[in-house]
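Observations on the three-dimensional arrangement
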Amino acid sequence: MGIKTGITIFFDLFFPPRCPVCDKILKKQEKICTKCKKELKWVKEPRCFKCGKPVEAQEQEYCRDCAGGSFHYIRGFALWIYEGAARKSIAAFKYRGRREYVSFYGEELMKAYGKELKRLCFDAVVPVPVYKEKERLRGYNQAELLAKEIGRALNVPVKTKALLRVRSTKPQKGLDYKERQKNLEGAIQFFPDDCKGGMLGRILLVDDIYTTGSTIEACTKSLLQAGAGEVYFITLCTGKGC
Ligand SMILES: [Zn+2]
Ligand SMILES: [Zn+2]
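This write-up is about the structure you can find in this document. (Residues numbered from 1 in each chain as written. Chains lettered and ligands numbered in written order. Predicted model: local features only at pLDDT ≥ 70, side-chain atom pairs only at ≥ 80, totals over all residues.)

1. Some points on the sheet that holds strand E6 (residues 230–238)
Across the sheet, four strands lie side by side as E1-E6-E5-E2; this open sheet has parallel pairing. Where the open sheet ends on each side, the last strands, each with one partner, are strand E1 (75–81) and strand E2 (124–127). The sheet shows a mean angle of 20° between the axes of neighbouring strands, direction not considered. In the sheet, E1 pairs with E6 via six bridges, with the strands oriented parallel. Bridge assignment links Trp80 to a residue of E6, and that residue is Cys237. Contacts from helix H9 (residues 214–225) reach E1, strand E5 (202–210) and E6, with the element oriented near 160° to E5. (Pairing = 2+ DSSP bridges. Helix = DSSP H or I, 4+ residues; strand = E, 2+ residues; numbered from the N terminus. Axes fitted to C-alpha atoms, helices over the stretch in contact; angles between N-to-C directions. Contact = placed C-beta atoms within 7 Å.)

2. Looking at unusual backbone geometry
Across the junction of Glu45 and Pro46, the peptide omega takes the value -5°, indicating a cis bond. Relative to the elements of secondary structure, Pro46 occurs in the loop between helix H2 (34–39) and helix H3 (64–68). Residues other than glycine seldom take positive phi values, yet Asn155 does so here, at roughly 60°. Of note, Asn155 is situated in the loop between helix H7 (142–154) and strand E3 (163–165).

3. Things to note about the packing of helix H8 (residues 177–184) against H9
At a closest axis distance of 9 Å, the pairing of H8 and H9 adopts a crossing angle of 45°. In this view, H8 runs oblique relative to H9, as classed from their interaxial angle. Where H8 crosses over H9, the two elements pack in a sense that is right-handed. Of the residues in H9, those touching H8 at Tyr177, Arg180, Gln181 and Leu184 are Ser214, Thr215 and Ala218. Of the residues contributing to the contact of H8 with H9, the split by class is three nonpolar, three polar and one charged. (Parallel < 35°, antiparallel > 145°, perpendicular 65-115°, else oblique. Left-handed = near helix turned anticlockwise from the far one by under 90°. Nonpolar A, V, L, I, M, F, W, Y, C, P; charged D, E, K, R; others polar.)

Structure follows, in structure tokens:
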């Protein structure tokens, strides 16, 4: 038995791996329990060419938001519909300190999109920022944990301080796209300190959830204004398209 295996066995004895949805102790080799795996709603084809939300018909290229909108990112990827099991898992990841769920998320994102993401040869991975005070209370930024996982898997540098939220914003819930944009105006800014040597080529933005796209759009605009070439995004969850 190697040292690493010994440590892993010791660690598992006291902190056995748990299901990232229902928190039950997992069987050997399992990353999620069978019941919860069935309950996750995977984003499947047909998908919107732009934001990656599922659309109804194969011949439909864009969802309603993207057909009428003018998002500045190139394309987005998402894993699950933000409902049921996925919603429950993210709530625990975000608000109840279950940061260890991130390894499962990272693996699943790579299984689904790893090949495509590698082909895009990103210059940097950038997490969507949260307001410092919020991060201090929570202890971490969930998007940053996810970005680090993805950066490691893709072997691309992660720039955690390229974007900062310079002021707090109202909760976005219940606001429409226009109101959300207004709420975010000037709140997310680019800081070049983290990007010496000019990282701004093709960027992959990372967040936990994509809903109306207003946060991703605000981040994209800041990056483009700072000279980024192209911006893509990846999130764990997305809303339903139409
Ligand atoms: Zn479970
Ligand atoms: Zn779309």
